[in-house]
Structures are given as structure tokens and as C-alpha cells.
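Summary of the model geometry
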Amino acid sequence: MIDLHTHSTASDGTLSPTRLVEAAAAAGVTTLALTDHDCVAGVEEAALAAARCGIRLVPGIELSVSWRGQTLHLVGLNLDIHNSALQQATEQVLDMRRSRAAEIARKLEQSGVHAPLEGARKHAQTELISRTHFAHYLVEQGHARDIRRVFKHYLVRGKPGFVSCEWLSLEHGVELVHRAGGLAVLAHPARYTLSRTRMRELMKVLQSLGVDAIEVVSGSHSQEENRAMAQLALDFNMPASQGSDYHGPEKPWVQLGKLPPMYYRCTPLWEAGLNLD
Ligand code: AMP
Ligand code: MN
Ligand code: MN
Ligand code: MN
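Residues numbered from 1 in each chain as written. Chains lettered and ligands numbered in written order. Predicted model: local features only at pLDDT ≥ 70, side-chain atom pairs only at ≥ 80, totals over all residues. Heavy atoms only, no water.

1. Digging into the coordination of the manganese ion (ligand 4)
Donor atoms from the polypeptide that coordinate the manganese ion (ligand 4) comprise His-5 (NE2), His-7 (NE2), Glu-62 (OE) and Asp-245 (OD), at 2.1 to 2.2 Å from the metal. Along the chain, the residues donating to the manganese ion (ligand 4) are arranged with the sequence spacing H-x1-H-x54-E-x182-D. Between the two metal centres, the manganese ion (ligand 4) and the manganese ion (ligand 2), the spacing is 4.7 Å. Here Glu-62 lies in strand 3 (residues 56-67) and His-5 lies in the loop between strand 1 (2-3) and helix 1 (17-26), a separation of 57 residues in the sequence. Accessibility classification places His-5 together with Glu-62 in one group, the buried group. (Donors = N, O, S within 2.8 Å, 3.2 Å for Na, K, Ca; no water. Helix = DSSP H or I, 4+ residues; strand = E, 2+ residues; numbered from the N terminus. Buried < 20%, exposed > 50% of the residue type's maximum accessible area, 1.4 Å probe, protein only.)

Shown next as C-alpha cells:
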């Protein structure tokens, strides 16, 4: 059981790296990648826990990148977390997140939320503030019934707490992952609001940048979307990755150790460059 996309409290997950690894091992996962948003701070702790639990830990990251005004997520797998260019870039993104969080808080305050920045910080275990931390606070404060509804009514484009952000460029993200010795994977491709034409344009760009795979099987996809992404990978001769995108038990519709099987016609990333020795 291979899961190449998960989160811990080092970003917007709710389990510590240790608890995440323990939960994954208990759920039958044998290879687990920790891919926190814009951050590798949880990897060392996860690796220690994995050694104790007897499972394989793949050091990873999920970089927020911008492509033609759109935010995309790029998973980096098996990278050197001590790479200096990578460390520098994550520091830079942390700063961008700081300013963005202040701006989100200012806007939420204007729509009647009390002390949003302090509230989001309370739900974050580190300096890294994501929209998810605001979402947890807004649920706690009774502004919405659950996380999904907070996003829908407050945190997405066109809603009062949305702040657009220019992340690293897609090209830069791919280069960072490769220079740190890792493989670059487009995360949950069906989650972006791209037309079919634009999605195919993106695939061509990914090919030209040497991106190593796209996620075909994802906990953020429906079964139908998995199938469509399998076809896309086949059409562009791109290897396929898989991951739950697990964030913790608060999102019960995503579970560890429960991924549907990879499409047999796809070439799995672990047979196309991802070394799991
Ligand atoms: P950020 O990187 O700060 O923009 O936050 C993005 C994160 O918010 C994603 O990685 C998801 O974990 C979470 N997220 C985005 N959209 C939704 C949604 N509709 N429902 C629940 N969580 C979401
Ligand atoms: Mn997230
Ligand atoms: Mn993502
Ligand atoms: Mn993710």
C-alpha cells in the first residue's frame, strides 16, 4: 500500500508527523510520503517514527506554484530536505504566507470575524498559516458548520476572506524539486478549474519542464476523476502517482490505507524513477 501525498501539523494537517505515521502503519500503508504544504519541517520526525513502525518514509513536499494566474500544487518526492535552494524557497513562501494571512485576517475582520489572525494561529502548530487554519477557527466560532462550508462562503475567490497570492512559478517549483534530487508530480489535477483545452496545454508544459508524473489516483478526486486523469496520463505518456491527500480525521471522507488501485494501463511512478529501495 503506497501513499505518496499526506499532511501533518507541520502544515495544515491535524496529526503530528509521528501520529500520522503511526496511523498510516496501522491502516496498512507500507510506503508513505509526507508532503506538507511548502515545508519539510515534519520529515525528520516522520522518518524516525517510520523506522520504529517498520514502514518506508518518502521525504516530500507539496509546493504551491502559480501558472498563468492559477494556483497549482506540485508534489516533490524523495528530495533532499537539506538542499539549500529548497530551504531558501520555503523560507520565502513562509514570508508570503505571513503577509497573506495578515491580509486574510484584515478582510475577515471587516466581515465580522473576531480576532481571526490570533484564532488561525491557535490552530497552527508552527509559523506556517494556511487557509485551513482560518477555516478551523471560523467553524469553532460558529461562522459555518464545517470546513468545506467555510471555504465555500469565506475563503475562495469572490468571497470576503479571499486573498490572491502569487506563489513561486511552476517552472521554478519543478527546478527546485529536481535540483534537490526529487521527482516532481502534479497534485490532484482534477481539482483545478481548468477547461479541457487548458488542461491539455498544462500537460504539454509539464512535459516540456520534465515533470515526472501526475497524480491519477487521489483522495481529492472522485472515482470518475481518477479515471479521467488516468486517460490524461496515458494520452501524454506521463507516469502516474497516487496519494490520499490525508489531512487528519476531521476530513472523514479521506482515509489512510484506502486508495483504489492504480489503473493497470498507467505506468506507476514507482516503476518509472521513484526509487523505493
Ligand atoms: P492554502 O495553501 O493556505 O491556500 O490552503 C489550501 C488548503 O486548503 C488545501 O491544501 C486544502 O487542504 C484546503 N482546502 C482548499 N479548498 C478546500 C475546500 N473546499 N474544503 C476543504 N478544504 C479545502
Ligand atoms: Mn491542505
Ligand atoms: Mn493540494
Ligand atoms: Mn495536499
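2. Quick notes on the coordination of the manganese ion (ligand 2)
Coordination sphere of the manganese ion (ligand 2), protein contribution only: Asp-12 (OD), His-37 (NE2) and His-247 (NE2), at 2.1 to 2.2 Å. When the donor residues of the manganese ion (ligand 2) are listed from N- to C-terminus, their spacing reads D-x24-H-x209-H. Between the manganese ion (ligand 2) and the manganese ion (ligand 3) there is a metal-metal distance of 5.5 Å. A residue pair is termed long-range when its members are at least 10 positions apart, and Asp-12 in the loop between strand 1 and helix 1 and His-37 in the loop between strand 2 (31-34) and helix 2 (43-53) qualify at 25 residues.

3. Comments concerning the pattern of salt bridges
This model, assessed by the stated rule, comprises 10 salt bridges. The partner of Glu-127 in a salt bridge is Arg-98, and the shortest N-O contact between them spans 3.3 Å. Of the two residues, Glu-127 sits in the loop between helix 4 (116-123) and helix 5 (131-140) while Arg-98 sits in helix 3 (residues 84-110), which places them 29 residues apart along the sequence. Judged by its relative accessible area of 37%, Arg-98 is partly exposed. Between Lys-122 and Glu-140 there is a salt bridge whose closest N-O contact spans 3.2 Å. Of this pair, Lys-122 sits in helix 4 while Glu-140 sits in helix 5; the two residues are 18 residues apart in sequence, bridging distant segments of the chain. Put simply, Asp-95, Arg-98 and Glu-127 are held in one network by salt bridges that share partners. (Salt bridge = Lys/Arg side-chain N within 4 Å of Asp/Glu carboxyl O.)

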